[in-house]
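Working through the structure, step by step
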Amino acid sequence: MIAETLERYRKYTGEANWQRIRHYATVTEMWEDRSKEYADRIAIRDNGTDYTFRQLAQDVAAFRSVLKARGANRNRIALLMPNSYDLVKAFLAVVTSGCTAVVLPAHLQEKEAFGTKMMFDFSMLVTNAPEKGALLQQKFPDFPVIDPAAQAEEPSEAVPCEGKDGCAIIMTGGTTGRPKGALLSHTAVMQGIINSALGVSETFDQRYLLALPLSHVFGLIRNLLAALNTGSTMMICRDNRDLFRDAAMFRPTIMVLVPALADMALALSKKFGKNMFGDSLKVIICGAANVPQYLVEEYHKMGVSLYPGYGLTESANLVSGNPENLNKPGSVGLIFPEMEYRIENGELWLKGKNMMDGYVGVQEDDAYEDGWFKTGDLVRIDEDGFLYITGRIKEVIVLPSGENISPAELEARFNCLPVIQDSQVFEDQDENGHRFLALEVVPRAAEVAKLGSIDINAYLIGELQKINAGLPSFARVSRIEVRTSDFERTPSMKIVRYKKCQ
Amino acid sequence: MKMNRNEIIEKLKEILLFADDSSNDKIDSIGAETHLQNDLGLTSVNMLYLIIATEEEFGIRFTDIGMNEFGTVGDVADYIERKLS
């Protein structure tokens, strides 16, 4: 199926915005055009300095000369540094030199930097921490390790390229959890940028406050590149501890956040009785993990529209976004126009301009079938075309009765209670080996506090049992436990799932 | 703002009630020796919350210390006491 959502997105985006969207063939073309169009505006604010689009374009052109002098020629160039103006400049310089940017997570150390060279075969490394390139230089004498502050006397012109050429390699755990890189072409990244402009009226001329790493597609495409394409200003928050001080000074109109950060900001806003991001904030684009309905509703009360979305590194970020967040709070929205999709045994399969050209650094033949990328996500689409994520294939529990249970689908039901922060449904077994479904929940402390001096445990279990009773009988949990601490989490804040019945 | 150590810890408990996703009982029993990660299971995002809320509540800045350098509630209280004096 092809998602025929163009006209609906046009309506949500608004005609004035719609007319300003341009379908560039490459990121290079986009940058060349937009940097002239918005030359006098501030593109980036970092570390107390404002850089206009003109200044950034000049610095990018000068850094292209630095790269050229060190051998940049349609090869791969790795970037290893924290979010900064220098990273923005280096990324644009690499891409507009006709090279592919390997954007590495800033926390990688010397040995890991060497490991990624073996995986992604890059020809030079740009880093503000030269010691991280030491092992590389020891093993490969003359390997170029470049300081992002290096200067050149003359600028270099952008090198034209085609849509099919590589633009970026972004690291991901992918659908199997093994680290690898997704190779995104200019066409894919450009489609990701265009999708970023759809579905909300707050699109052009915005003020973005960057709180996510640029080594992740959500930060790189939905935040940085979306901002540059729309004449918006992006302030870089260098330290998340300064997030709200930066917000008070910068007054962002839009933020791109993962649910954990949005939830934390909400708790602080409630505690101190004010929107901690400031009153200018109108929109939060939220994704990269399951977005609880609670966040949509609570932010709405503060006058902020929080839009859940769904995307993957492999799809250059966005697959769907939810412009009807209040009417469909549990949905991740409408699939973006012209994305091809199929639902096979409940699993979402994708094709389209925004899809990667494949993984780099690892052989994963089973990621595709008949040319379709298999997301590993279980979904359903309602009668209005809205997409719902119901679970992950690998997490499906097959009950002794043969019935399939998607834990995420059940958890979403229990998580509807505002007093529940998180939950996990899993299969356990008793001493006789009989298997059964169990539920553990983590209460939301701020909501628990409102309940006063009642028996919290009994109250929670009572509320959860009411939901349980409404489930199909085979899907009901037989044991409910209220935890006193959070679940174990992965580094990306996802819950580590129990495996009690292997 | 002049506060004694007990008052500081009481304020911290109030903040932790929002930061930590656990029940009231556990927060009530918090003392100076309670370990932030081992006892309360605070995640990195919870720690960020704790730092920001503490700065807001006490009007101080955590300028010269990393988030992971605090072990216990008492460590945080010591730091605040130093900053306030």
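Residues numbered from 1 in each chain as written. Chains lettered and ligands numbered in written order. Predicted model: local features only at pLDDT ≥ 70, side-chain atom pairs only at ≥ 80, totals over all residues.

This part covers the overall build of chain A. Across its full length, chain A holds 15 helices and 26 strands. In terms of overall dimensions, chain A is globule-like: its C-alpha atoms have a radius of gyration of 23 Å, near the 23 Å expected for 502 residues. For the C-alpha atoms alone, the extent of chain A along its principal axes is close to 75 × 45 × 45 Å. Counting across all 502 residues of chain A, residues that qualify as buried make up 47%. In chain A, the proportion of contacts linking residues at least 24 apart, taken out of those at least 6 apart, comes to 64%. (Helix = DSSP H or I, 4+ residues; strand = E, 2+ residues; numbered from the N terminus. Rg over C-alpha atoms; globule rule 2.2 N^0.38 Å. Buried ≥ 20, exposed ≤ 12 C-beta atoms within 10 Å, placed from the backbone. Contact = placed C-beta atoms within 7 Å.)

Its 12 residues give helix H5 (residues 85–96) of chain A an end-to-end C-alpha distance of 16 Å, which sits within 8% of 16 Å, the value for a rise of 1.5 Å per residue. For H5 of chain A, the full list of buried residues reads Asp86, Leu87, Val88, Lys89, Ala90, Phe91, Leu92, Ala93, Val94, Val95 and Thr96 of chain A. (Expected span 1.5 Å × (residues − 1).)

Quick look at unusual backbone geometry now. Residue and element names in this part refer to chain A. Unusually for a residue other than glycine, Asn47 sits at a positive phi of about 55°. Given 9 C-beta atoms within a 10 Å radius, Asn47 is considered exposed. Residue Asn345 is not a glycine yet carries a positive backbone phi of 50°.

What follows deals with the sheet that holds strand S5 (residues 124–127) of chain A. One open sheet holds the seven strands; their spatial order is S6-S5-S3-S4-S7-S8-S18 (chain A), and the pairing between them is mixed. The sheet is open, and its two borders are formed by strand S6 (145–146) and strand S18 (359–360) of chain A, each paired with just one other strand. (Pairing = 2+ DSSP bridges.)

Looking now at the environment of Glu131 of chain A. Residues and elements named next belong to chain A. Summarising the element assignment, Glu131 is placed in the loop between S5 and helix H7 (134–139). On the basis of neighbour count, Glu131 is assigned to the exposed category, with 11 C-beta atoms found within 10 Å. For the pair formed by Glu131 and Val145, sequence separation is 14 residues and the distance between their alpha carbons is 9.6 Å.

It is worth spelling out the domain arrangement of chain A at this point. What the domain assignment reports for chain A is domain 1 (27–161) and domain 2 (396–482). Between the C-alpha centres of domain 1 of chain A and domain 2 of chain A the distance comes to 48 Å. (Domains from an automatic or database assignment.)

This brings us to the sheet that holds strand S25 (residues 435–443) of chain A. Residue and element names in this part refer to chain A. Spatial strand order, S24-S25-S26: three strands in an open sheet with mixed pairing. The outermost strands of the open sheet, each flanked by one partner alone, are strand S24 (420–429) and strand S26 (479–482). Pairwise comparison of adjacent strand axes, ignoring direction, gives a mean angle of 20° for this sheet. Examined bridge by bridge, S24 and S25 share nine bridges and lie antiparallel to one another. Bridge assignment links Glu427 to a residue of S25, and that residue is Leu437. Packed onto the sheet, helix H13 (residues 407–414) meets S24 and S25 and runs at close to 140° relative to S24. Across the face of the sheet, helix H15 (residues 456–469) comes into contact with S25 and S26 while running at roughly 140° to S26. (Axes fitted to C-alpha atoms, helices over the stretch in contact; angles between N-to-C directions.)

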